[in-house]
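Each chain is listed here by its residues.
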Amino acid sequence: MERMRGTDEAKAGLSLDQLVTLADLRSVRDELLAAITRTRVSSLDTTKKWLKSSEVRKLLNISPGKLLALRVGRQLAFVRLGGVIYYDRDDIEAMIQKAKVPTLIGTA
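Residues numbered from 1 in each chain as written. Predicted model: local features only at pLDDT ≥ 70, side-chain atom pairs only at ≥ 80, totals over all residues. Heavy atoms only, no water.

## Some details on the packing of aromatic side chains
Step number 1: The final tally for this structure, using the stated rule, is zero aromatic pairs.
Step number 2: The residue whose ring lies beneath Arg71 is Phe78, and the NZ or CZ to ring-centre distance is 5.6 Å. (Phe/Tyr/Trp six-rings, centres within 6.5 Å; stacked < 30°, edge-to-face > 60°. Lys NZ or Arg CZ within 6 Å of the ring centre and 35° of its normal.)

## Focus on helix 4 (residues 64-72)
Step number 1: Those residues of helix 4 that sit buried are Leu67, Leu70 and Arg71. The buried side chains of helix 4 occupy one side of the element, clustering within an arc of 100° when seen end-on.
Step number 2: Residues of helix 4 that are buried make contact with helix 3 (53-60), strand 3 (84-88) and helix 5 (89-99).
Step number 3: In the segment just after helix 4, Arg74 is the residue with positive phi, at about 55°. (Buried < 20%, exposed > 50% of the residue type's maximum accessible area, 1.4 Å probe, protein only. Helix = DSSP H or I, 4+ residues; strand = E, 2+ residues; numbered from the N terminus. Arc of directions from axis to C-beta. Contact = heavy atoms within 4.5 Å.)

## Details of a nonpolar patch on the surface
Step number 1: On the surface, Val28, Leu32, Leu33 and Ile36 cluster together into a nonpolar patch covering about 370 Å² of accessible area.
Step number 2: Mapped onto the elements, Leu32 comes out in helix 2 (residues 22-43).
Step number 3: We classify Leu32 as exposed; its relative accessible area is 51%. (Patch = residues over 30% accessible without salt bridge, like charges linked within 9 Å, V, L, I, M, F, W, Y side chains within 5 Å. Areas by Shrake-Rupley, 256 points an atom, 1.4 Å probe, with all protein chains shown as cover. Salt bridge = Lys/Arg side-chain N within 4 Å of Asp/Glu carboxyl O.)

## Overview of the pattern of salt bridges
Step number 1: Per the counting criterion, the structure on display carries four salt bridges.
Step number 2: Linking Asp90 and Lys49 is a salt bridge whose minimum nitrogen-to-oxygen distance equals 3.2 Å. Here Asp90, found in helix 5, pairs with Lys49, found in the loop between helix 2 and strand 1 (50-52); they are 41 residues apart in sequence, far enough to count as distant.
Step number 3: Accessibility expressed as a relative area gives 46% for Asp90, which makes it partly exposed.

In short, geometric facts, not functional conclusions.
The following block contains the structure:
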(Lines give C-alpha, C1' and ligand atoms only; values in the text may rest on other atoms or scores of the structure.)
Protein backbone atom coordinates (compact mmCIF):
# COMPACT_ATOMS: atom_id res chain seq x y z
CA MET A 1 0.00 0.00 0.00
CA GLU A 2 2.82 2.40 0.89
CA ARG A 3 4.44 1.65 -2.43
CA MET A 4 1.24 2.57 -4.32
CA ARG A 5 0.92 5.84 -2.39
CA GLY A 6 4.42 6.83 -3.40
CA THR A 7 3.61 6.08 -7.03
CA ASP A 8 0.50 8.29 -6.94
CA GLU A 9 2.47 11.09 -5.33
CA ALA A 10 5.19 10.82 -7.95
CA LYS A 11 2.57 11.18 -10.68
CA ALA A 12 1.17 14.31 -9.01
CA GLY A 13 4.63 15.73 -8.38
CA LEU A 14 4.06 15.95 -4.62
CA SER A 15 5.66 14.33 -1.61
CA LEU A 16 4.50 13.86 1.98
CA ASP A 17 7.21 16.14 3.33
CA GLN A 18 6.53 19.01 0.93
CA LEU A 19 5.64 22.34 2.59
CA VAL A 20 3.18 24.95 1.47
CA THR A 21 4.56 28.46 1.91
CA LEU A 22 2.70 31.71 2.46
CA ALA A 23 3.74 32.74 -1.04
CA ASP A 24 2.08 29.58 -2.39
CA LEU A 25 -1.12 30.36 -0.51
CA ARG A 26 -1.11 33.97 -1.72
CA SER A 27 -0.60 32.78 -5.28
CA VAL A 28 -3.55 30.40 -5.02
CA ARG A 29 -5.65 33.14 -3.41
CA ASP A 30 -4.83 35.58 -6.21
CA GLU A 31 -5.67 32.99 -8.85
CA LEU A 32 -9.00 32.20 -7.15
CA LEU A 33 -9.93 35.87 -6.82
CA ALA A 34 -9.09 36.47 -10.47
CA ALA A 35 -11.22 33.49 -11.51
CA ILE A 36 -14.11 34.67 -9.35
CA THR A 37 -13.86 38.18 -10.80
CA ARG A 38 -13.84 36.82 -14.36
CA THR A 39 -16.87 34.65 -13.59
CA ARG A 40 -18.71 37.53 -11.97
CA VAL A 41 -18.04 39.91 -14.84
CA SER A 42 -19.08 37.34 -17.43
CA SER A 43 -22.20 36.49 -15.44
CA LEU A 44 -23.38 40.09 -15.59
CA ASP A 45 -25.63 39.95 -18.59
CA THR A 46 -24.37 42.92 -20.59
CA THR A 47 -26.26 41.77 -23.68
CA LYS A 48 -29.61 42.08 -21.94
CA LYS A 49 -31.60 44.80 -23.70
CA TRP A 50 -34.30 45.47 -21.10
CA LEU A 51 -33.43 45.95 -17.42
CA LYS A 52 -35.68 45.99 -14.37
CA SER A 53 -35.56 48.85 -11.86
CA SER A 54 -33.41 46.88 -9.41
CA GLU A 55 -30.88 46.12 -12.15
CA VAL A 56 -30.73 49.78 -13.21
CA ARG A 57 -30.27 50.92 -9.60
CA LYS A 58 -27.45 48.43 -9.17
CA LEU A 59 -25.86 49.40 -12.49
CA LEU A 60 -25.95 53.14 -11.74
CA ASN A 61 -25.52 52.75 -7.96
CA ILE A 62 -28.53 54.96 -7.23
CA SER A 63 -31.43 54.84 -4.80
CA PRO A 64 -35.03 54.01 -5.73
CA GLY A 65 -35.90 57.70 -5.17
CA LYS A 66 -33.22 58.88 -7.61
CA LEU A 67 -34.46 56.41 -10.22
CA LEU A 68 -37.99 57.72 -9.70
CA ALA A 69 -36.71 61.28 -10.13
CA LEU A 70 -35.05 60.30 -13.43
CA ARG A 71 -38.37 58.84 -14.64
CA VAL A 72 -40.51 61.77 -13.46
CA GLY A 73 -38.06 64.28 -14.92
CA ARG A 74 -38.21 62.42 -18.24
CA GLN A 75 -34.45 61.95 -18.21
CA LEU A 76 -34.80 58.19 -18.56
CA ALA A 77 -37.43 56.49 -20.71
CA PHE A 78 -39.20 53.42 -19.38
CA VAL A 79 -41.91 50.89 -20.18
CA ARG A 80 -44.39 49.57 -17.63
CA LEU A 81 -45.68 46.07 -18.32
CA GLY A 82 -47.97 44.49 -15.76
CA GLY A 83 -46.65 46.56 -12.88
CA VAL A 84 -42.99 45.93 -13.73
CA ILE A 85 -40.93 48.84 -15.05
CA TYR A 86 -38.31 48.12 -17.71
CA TYR A 87 -35.55 50.36 -19.04
CA ASP A 88 -33.75 50.09 -22.36
CA ARG A 89 -30.00 49.66 -21.90
CA ASP A 90 -29.36 51.96 -24.88
CA ASP A 91 -31.40 54.73 -23.21
CA ILE A 92 -29.34 54.38 -20.05
CA GLU A 93 -26.09 54.63 -21.99
CA ALA A 94 -27.42 57.63 -23.95
CA MET A 95 -28.36 59.38 -20.68
CA ILE A 96 -24.86 58.78 -19.33
CA GLN A 97 -23.26 60.09 -22.53
CA LYS A 98 -25.47 63.19 -22.43
CA ALA A 99 -24.40 63.89 -18.84
CA LYS A 100 -20.72 63.38 -19.58
CA VAL A 101 -18.56 66.43 -18.95
CA PRO A 102 -15.72 66.89 -21.46
CA THR A 103 -12.19 67.21 -20.17
CA LEU A 104 -9.90 70.14 -20.93
CA ILE A 105 -6.84 68.19 -22.06
CA GLY A 106 -4.10 70.17 -23.75
CA THR A 107 -5.32 73.64 -22.81
CA ALA A 108 -2.77 76.00 -21.33
